[in-house]
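# Residue-level structural notes
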Amino acid sequence: MEGEALRLDGNAIAGTLGEMFVQEMTEARIACKGCGNVEPVGAEHAYVQAPGIVLRCSHCDEALLVMTRTAGRHRIWFPRSHWLEMGEPTDS
C-alpha cells in the first residue's frame, strides 16, 4: 500500500515537462546507445525529407530520435538514445 500512496498520475509532472521542452533544444546533449558518444543535438545529423524527422548519431549513424506529426499531434521516439539532457532554463 505504501507504493500506491506515493503514486500520482502523469499530470503531476506537467510543470517539469513544460520547463524542459521550452528550452533551446539544439544545446541539449544526447547520448548514443550505439557508440556511447555524447553530443549536442545541434551537432548530430538531421534528416528532414521523410514524412518525419530522423536525428542520427554523427559518429556511428544510429537513429537517436524520430519525430512525426500527424493530425495535430507530435510523437517523439528515442530508439537508440541512452538519455537526453537539458540545462536549467535561464531568464533572458
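Residues numbered from 1 in each chain as written. Predicted model: local features only at pLDDT ≥ 70, side-chain atom pairs only at ≥ 80, totals over all residues. Heavy atoms only, no water.

### Considering the sheet that holds strand β1 (residues 29-32)
Defined as follows: When DSSP finds at least two bridges between two strands, those strands are taken to pair. Where helices and strands are cited, they refer to DSSP runs of H or I of at least four residues and of E of at least two residues respectively, numbered from the N terminus. To obtain an axis, a line is fitted to C-alpha atoms, over the contacting stretch when the element is a helix, and the angle between two such axes runs from 0 to 180 degrees between their N-to-C directions.
The strand order across the open sheet built from three strands is β2-β1-β7, with neighbouring strands paired in antiparallel fashion. This sheet does not close on itself; its edge strands, each paired only once, are β2 (38-40) and β7 (81-85). Adjacent strand axes in the sheet meet at a mean angle of 20°, parallel and antiparallel pairs treated alike. Pairing of β1 with β2, which is carried by three bridges, proceeds in the antiparallel orientation. Note on β2: the bridge partner recorded for Arg-29 is Pro-40.

### Considerations on the pattern of salt bridges
Test applied: Each salt bridge in this description consists of a side-chain nitrogen of Lys or Arg and a carboxyl oxygen of Asp or Glu lying within 4 Å of one another. Exposure classes here rest on a 1.4 Å probe applied to the protein chains alone. A residue is buried below 20% of its type maximum, exposed above 50%, and partly exposed in between.
Per the stated rule, a full pass over the model turns up two salt bridges. Glu-85 is the salt-bridge partner of Arg-29, the closest N and O atoms lying 2.7 Å from each other. Pair noted here: Arg-29 is in strand β1 and Glu-85 is in strand β7, with a separation of 56 residues, a long-range link. The partly exposed category is assigned to Glu-85, whose relative accessible area is 38%. Notably, a salt bridge pairs Arg-80 with Glu-62, separated by 3.3 Å at the nearest N-O pair. Of the two residues, Arg-80 sits in the loop between β6 (73-77) and β7 while Glu-62 sits in the loop between β4 (53-56) and β5 (63-70), which places them 18 residues apart along the sequence. When its relative accessible area of 30% is taken as the criterion, Arg-80 is described as partly exposed. Assessed through its relative accessible area of 26%, Glu-62 is described here as partly exposed.

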